[in-house]
Amino acid sequence: MSSQASASFLADAAPTAGGRSLGVLVCGHGSRNRLAVAEFAALAEQLQQRLRPLPLEYGYLEFARPILRDGLETLRRRGAEHILAVPAMLFAAGHAKNDIPSVLNTYAAETGLRIDYGRELGVDRRMIQAAGARIREALARATGSVPLQDTLLVVVGRGSSDPDANSNVAKVTRMLVEGFGFGWGETVYSGVTFPLVEPGLRQAVRLGYRRVVVFPYFLFSGVLVSRIVQHTERVAADHPELEFIQAAYLGDHPHVLDTFEERVMDVVRGDTAMNCSLCKYRAQVLGFETDVGAPQHSHHHHVEGLTDGCDLCERECTGACQPDGVPIPLGAAASEHGHGHGHHHHPVYPHADHPLGPRTLRSGGATA
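Here the structure is a predicted model, which is why all the values come from computation and not from measurement.

Time to look at the side chain of aspartate 266. Structurally, aspartate 266 is set in helix 9 (residues 254-269). Not counting residues up to four positions away in its chain, the partners in contact with aspartate 266 are Arg119, Asp271 and Thr272.

When the terminal C-alpha atoms of helix 9 are compared, their 23 Å separation across 16 residues agrees well with the 22 Å that a helix rising 1.5 Å per residue should span. Taken as a whole, helix 9 has its buried residues at Val256, Leu257, Thr259, Phe260, Glu261, Glu262, Arg263, Val264, Met265, Asp266 and Val267. Once helix 9 finishes, glycine 270 follows within two positions and takes phi at roughly 85 degrees, a positive value.

A separate point is the pattern of salt bridges. Going through the model one piece at a time under the given rule, you end up with 23 salt bridges. Glutamate 198 serves as the salt-bridge partner of arginine 234, at 2.6 Å between the closest nitrogen and oxygen. Note that arginine 234 is positioned in helix 8 (residues 223-238) and glutamate 198 in helix 7 (residues 197-204), a separation of 36 residues in sequence. Look at arginine 234 and you get partly exposed, because its relative accessible area is 34%. On the basis of relative accessibility, which here comes to 4%, the residue glutamate 198 falls in the buried class. The residue arginine 211 makes a salt bridge to glutamate 243 at a minimum N-O spacing of 3.0 Å. Here the residue arginine 211 occupies a position in strand 7 (residues 211-216), and glutamate 243 occupies one in strand 8 (residues 243-246), the gap between them amounting to 32 residues.

Turning to the sheet that holds strand 4 (residues 114-117), a few remarks are in order. An order of 2-1-3-4 is seen for the four strands of this open sheet, with the pairing classed as parallel. The sheet is open, and its two borders are formed by strand 2 (56-60) and strand 4, each paired with just one other strand. In this sheet, neighbouring strand axes are inclined to one another by 25 degrees on average, regardless of whether the strands run parallel or antiparallel. Here six bridges tie strand 1 (residues 22-28) to strand 3 (residues 82-87), and the two strands are oriented parallel to one another. Bridge assignment links leucine 25 to a residue of strand 3, and that residue is alanine 85. Of the strands in this sheet, strand 1, strand 3 and strand 4 are in contact with helix 4 (residues 94-111), which crosses strand 4 at around 170 degrees. Helix-sheet contacts for helix 9 involve strand 1, strand 3 and strand 4, and the interaxial angle to strand 3 is about 135 degrees.

Counting 53 residues, the largest nonpolar core has Val26, Leu153, Leu176, Phe215, Tyr217, Leu250 and Phe260 as the members making the most contacts within it. Ignoring anything within four residues of it in the chain, the contact list for leucine 176 reads Ile128, Ala131, Gly132, Ile135, Leu153, Val155, Phe182 and Phe215. Among the nonpolar cores identified, the runner-up in size contains 20 residues, and Val188, Val205, Tyr209 and Val225 belong to it.

We now examine the sheet that holds strand 8. Sheets are built from strands paired through backbone hydrogen bonds, the pairs being either parallel or antiparallel. Read across the open sheet, the four strands follow the order 6-5-7-8; overall the sheet is parallel. Two strands close off the open sheet at either side, each with one partner strand: strand 6 (184-189) and strand 8. Averaged over all pairs of adjacent strands, the angle between strand axes in this sheet comes to 20 degrees, irrespective of strand direction. As paired strands, strand 7 and strand 8 are joined by four bridges and run parallel to one another. Residue pairing for strand 8: valine 212 is matched across the bridge by phenylalanine 244. Sitting on the sheet, helix 5 (residues 125-140) touches strand 5 (151-157), strand 7 and strand 8, and the angle it makes with strand 7 is about 140 degrees. Against the sheet, helix 6 (residues 163-180) engages strand 5, strand 6 and strand 7, with an angle of about 155 degrees to strand 6.

What counts, and at which threshold
- Residues numbered from 1 in each chain as written.
- Predicted model: local features only at pLDDT ≥ 70, side-chain atom pairs only at ≥ 80, totals over all residues.
- Heavy atoms only, no water.
- Helix = DSSP H or I, 4+ residues; strand = E, 2+ residues; numbered from the N terminus.
- Contact = heavy atoms within 4.5 Å.
- Expected span 1.5 Å × (residues − 1).
- Buried < 20%, exposed > 50% of the residue type's maximum accessible area, 1.4 Å probe, protein only.
- Salt bridge = Lys/Arg side-chain N within 4 Å of Asp/Glu carboxyl O.
- Pairing = 2+ DSSP bridges.
- Axes fitted to C-alpha atoms, helices over the stretch in contact; angles between N-to-C directions.
- Core = buried A, V, L, I, M, F, W, Y, C linked by side-chain atoms within 4.5 Å.

So this is what it looks like as structure tokens:
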């Protein structure tokens, strides 16, 4: 759907929502990384241009301002009576399923404002096209001439305690491998689950491919993307006989913006269903049975709007604040709430001690 068609669709749809004035809230996670925050704001501005004259604001769960409540308040002041909230999340894990809805539900209950919540970007044809474009850009920078059949694609996902979200990264990998005709594909993760980037790459290089393309399936910059680069460079330094190519993250690729725009349209159409058959909060997913029926609440209240950011890096995050994967506490908020690691609590991941997983972040990584 074109931007002009979207604006027309929304204008026609407003009366069907009870004649209320519509507004859009883009819900982000937030970051201490100033570049990541700037990238998110720029993407929201581009989306605003596409959806004019509909008012659009954005907000974050943690570590940046405006927080979600600020965005909601601004939309109310701008006359919005019905909010279309969309999560700026690639996949539906705890943030999209619990944390953001908790904030929205609380605000709606306090104010009486109608808020309809959309779904994540998900495994979408346009997102695959955006990923493919980033990989083509990386291949175009390659120095040698290596056939795709001799090239290994490694897709790096965020990593979650939700196996449903993790499995979606693997599906993206397979779509890209078949779409390009790569010789092989592997999926690794930047944290929480396994295999992590470095141990995963060290396993993958044993397959014998001449070239390795590492693609971070992320929306924006940040400490995790920096860590992916650093860990890839470690493995590459130990294997000078192989060509390692690092692709860029998704960013504000036009197809990403197209998908965001479509998610707003989905809310109006009522097409907002997430995958529940494999959701660990609703189904007895193998190994995660105890998570069924967990209460829907946010773990981010004590870091909402926290902006006493790290000054170890100038603008682009290098990961200096968490060389072993554990963030250094920043400001008083960390000690105030008894969180020695300066971060919020997440559900316990049952495989935290996996030899290729989270504990390797604290032990300096895996070796070949």
